[in-house]
Amino acid sequence: MAQERQRVLVARRLFPEISERLAEYFEVDAHQLTEPLSAEELAERLQGCAGALITGTERIDAALLAACPQLRAVCSMAVGFNNIDVPACTARRVLATNAPGVLTETTADFGFALMMATARRMAESEHWLRAGHWKQWSYDLFAGSDVHGATLGILGMGRIGQAIAKRGALGFDMKVAYHNRSRLSQADEAAVGARYLSLHDLLRQADHLVIVVPYTPQTHHLIGANELALMKPTATLTNIARGGVVDDAALAAALRERRIAAAGLDVFEGEPTVHPGLLTVPNVVLTPHIASASLPTRRAMAELAASNLIAALTGGQPPTPLNPEAVA
Ligand code: GLV
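Note that this is a predicted model, so its numbers are computed, not measured. (Residues numbered from 1 in each chain as written. Predicted model: local features only at pLDDT ≥ 70, side-chain atom pairs only at ≥ 80, totals over all residues. Heavy atoms only, no water.)

### Quick notes on the environment of D61
- As for its placement among the helices and strands, D61 is situated in the loop between β3 (49-54) and α3 (62-67).
- Note: C-alpha distance between D61 and P282 (221 residues apart in sequence) is 38 Å.
- Here L64 takes part through its backbone nitrogen, which lies 3.0 Å from a polar atom of the side chain of D61. (Helix = DSSP H or I, 4+ residues; strand = E, 2+ residues; numbered from the N terminus. Polar contact = N/O pair within 3.5 Å; in protein donor to acceptor, adjacent residues only side chain to side chain.)

### Quick word on helix α1 (residues 16-23)
- For α1, the full list of buried residues reads I18, S19 and L22. One side of α1 carries all its buried residues, which in axial view fall inside an arc of 95 degrees. Facing away from the buried side of α1 by over 90 degrees, the exposed positions are P16 and E20.
- On its buried face, α1 sits against β1 (7-10), β2 (27-30), β3 and α13 (295-313). (Buried < 20%, exposed > 50% of the residue type's maximum accessible area, 1.4 Å probe, protein only. Arc of directions from axis to C-beta. Contact = heavy atoms within 4.5 Å.)

### Observations concerning the packing of α1 against α13
- Packing of α1 against α13 brings their axes to within 10 Å, and their N-to-C directions diverge by 15 degrees. Judged by the angle between their axes, α1 and α13 are roughly parallel. For the crossing formed where α1 meets α13, the hand is right-handed. Residue-level contacts link E17, I18, R21 and L22 of α1 to R299, A302, E303, A306, S307, L309 and I310 of α13.
- Here the residues of the contact of α1 with α13 are counted per class, giving six nonpolar, one polar and four charged. (Axes fitted to C-alpha atoms, helices over the stretch in contact; angles between N-to-C directions. Parallel < 35°, antiparallel > 145°, perpendicular 65-115°, else oblique. Left-handed = near helix turned anticlockwise from the far one by under 90°. Nonpolar A, V, L, I, M, F, W, Y, C, P; charged D, E, K, R; others polar.)

### As for the nonpolar core
- Core analysis: the biggest nonpolar cluster contains 48 residues, and L22, L152, I154 and I164 have the highest contact counts within it.
- Looking at this core element by element, the count peaks at seven residues for α13.
- Residue-level mapping places this core at the junction of two domains, with at least three residues from each of domain 1 (7-102 + 295-327) and domain 2 (104-286).
- Ranked by size, the runner-up nonpolar core spans 30 residues in total, among them A206, I223, M231 and V246. (Core = buried A, V, L, I, M, F, W, Y, C linked by side-chain atoms within 4.5 Å. Domains from an automatic or database assignment.)

### Some details on the sheet that holds strand β12 (residues 284-286)
- Reading across from one edge, β8-β7-β6-β9-β10-β11-β12 is the order of the seven strands in this open sheet, with parallel pairing throughout. Of all strands in the sheet, those with a lone pairing partner are β8 (194-196) and β12, marking the two edges. Each adjacent strand pair in this sheet contributes to an overall mean axis angle of 20 degrees, direction not counted.
- Both strand β9 (residues 208-211) and strand β10 (residues 236-239) contribute to a ladder of four bridges, which runs parallel. The partner of V210 across the bridge, within β10, is T238.
- Here helix α5 (residues 104-119) sits on the sheet in contact with β6 (151-155), β9, β10, β11 (262-265) and β12, set at roughly 150 degrees to β10. (Pairing = 2+ DSSP bridges.)

### Some remarks on the pairing of strand β7 (residues 175-179)
- The element β7 is extensively covered by neighbouring structure, given that four of its five residues are classed as buried.
- Note that β6 and β7 share five bridges and pair parallel. Across the sheet, residue G153 finds its bridge partner in β7, namely A177.
- Handedness of the crossover joining β6 and β7 through helix α7 (residues 159-171) is recorded here as right-handed.
- The pairing of β7 with β8 spans three bridges and is classified as parallel. From the neighbouring strand, A177 faces β8, where its bridge partner is R195.
- In this view, the connection linking β7 to its parallel neighbour β8 by way of helix α8 (residues 186-192) has right-handed handedness. (Right-handed = clockwise from strand over helix to strand, strands pointing away.)

### Brief notes about a negative patch on the surface
- A surface patch of negative charge is lined by E35, E40, E41 and E44.
- Along the chain, E40 turns up in helix α2 (residues 39-45). (Patch = residues over 30% accessible without salt bridge, like charges linked within 9 Å, V, L, I, M, F, W, Y side chains within 5 Å. Areas by Shrake-Rupley, 256 points an atom, 1.4 Å probe, with all protein chains shown as cover. Salt bridge = Lys/Arg side-chain N within 4 Å of Asp/Glu carboxyl O. Lys, Arg positive; Asp, Glu negative; His and termini not counted. Charge placed at Lys NZ, Arg CZ, Asp CG, Glu CD.)

### Section: the sheet that holds strand β4 (residues 73-76)
- If you walk across this open sheet you meet the five strands as β2-β1-β3-β4-β5, and the pairing is parallel. Both outer strands of the open sheet, β2 and β5 (95-97), are each paired with one neighbouring strand and no more. Across the sheet, the mean angle separating the axes of adjacent strands is 15 degrees when strand polarity is ignored.
- Two elements, β1 and β2, share four bridges in a ladder whose sense is parallel. Within β2, the position partnered with V10 by the bridge is A30.

### A look at the side chain of N98
- Mapped onto the fold, N98 is located in the loop between β5 and α5.
- Reaching out from N98, the side chain makes a polar contact with the backbone oxygen of V79 at a distance of 2.8 Å.
- The residues contacting N98, other than those within four sequence positions of it, are S76, A78, V79, F81, L304, N308, T320 and L322.

Put into structure tokens, the structure is as follows:
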């Protein structure tokens with residue numbers, strides 16, 4: 001009798017080619033709706049599945065793993081993996097993978113663009129123009145701050161932070177400073193043209209702060225009222241990391257009271273809900289978590305997740321495991 005094929009779930013609506021590729025190996029159940037599965041629906045759809053291709057929004061925790069004992073691999077197309085309890089996966093011998101590398105340049109492009117849009121007040125001025133307010137020239141009409149030659153502060157110096165540093169140092173003649181849990185080697189600092197500062201010095205010196213740290217219990221509200229108070233009143237803050245790294249209520253208050261000049265936010269605490277205080281201040285550019293969203297990059301992310309899933313369930317070497325020890 002032919003061996004029964006393993007079942008996998010594609011938990012979000014994705015490129016059809018991804019399911020077609022997976023179907024060469026597995027029985028595929030692909031979620032078709034844009035609306036995500038609830039935690040209960042996810043657990044239900046995973047019954048009998050050996051693997052899941054997920055994104056940054058499906059929560060893979062101990063309770064879900066306990067409810068889905070056949071699960072062997074959880075492969076995310078996101079680079080951030082705060083939605084996956086990796087130790088709980090390891091304890092149940094479930095391989096978890098993420099998707100580093102393939103989105104670095106696209107995400108750095110977006111972070112830089114969001115920082116520039118924030119500094120040069122592009123969203124605020126566009127809304128004003130659409131509302132029909134443009135009647136004449138004025139010397140200070142939406143005058144913002146310069147990006148070229150300014151001090152770029154990067155909080156989190158992984159792949160994406162380094163790619164943003166290069167854009168600033170090489171393309172815009174910026175003075176680049178950074179803070180990171182661990183300091184780069186001298187050679188790496190020289191390669192990206194960045195100097196290391198303590199967090200407080202970075203906050204004090206940056207004209208434009210760009211946040212790219214992973215979200216962990218240690219980085220929860222890393223930037224709150226006290227940290228914002230250290231920043232220059234002319235400074236901007238851009239967050240493309242995760243909601244929760246910044247205390248959104250404290251940020252909304254700082255923007256309202258002009259204690260910092262402006263913010264650019266692609267990620268939010270509790271997204272897709274956005275703190276009402278951020279929706280009502282003019283000096284913030286808001287985007288719906290799209291930093292990696294170019295079509296070629298989203299395709300590459302999904303392909304990498306599929307490669308991980310295929311390798312994990314067919315005895316191959318998954319390219320980007322988070323817990324290789326789970327299956328050692
Ligand atoms: C997006 O936020 C990702 O982590 O890939």
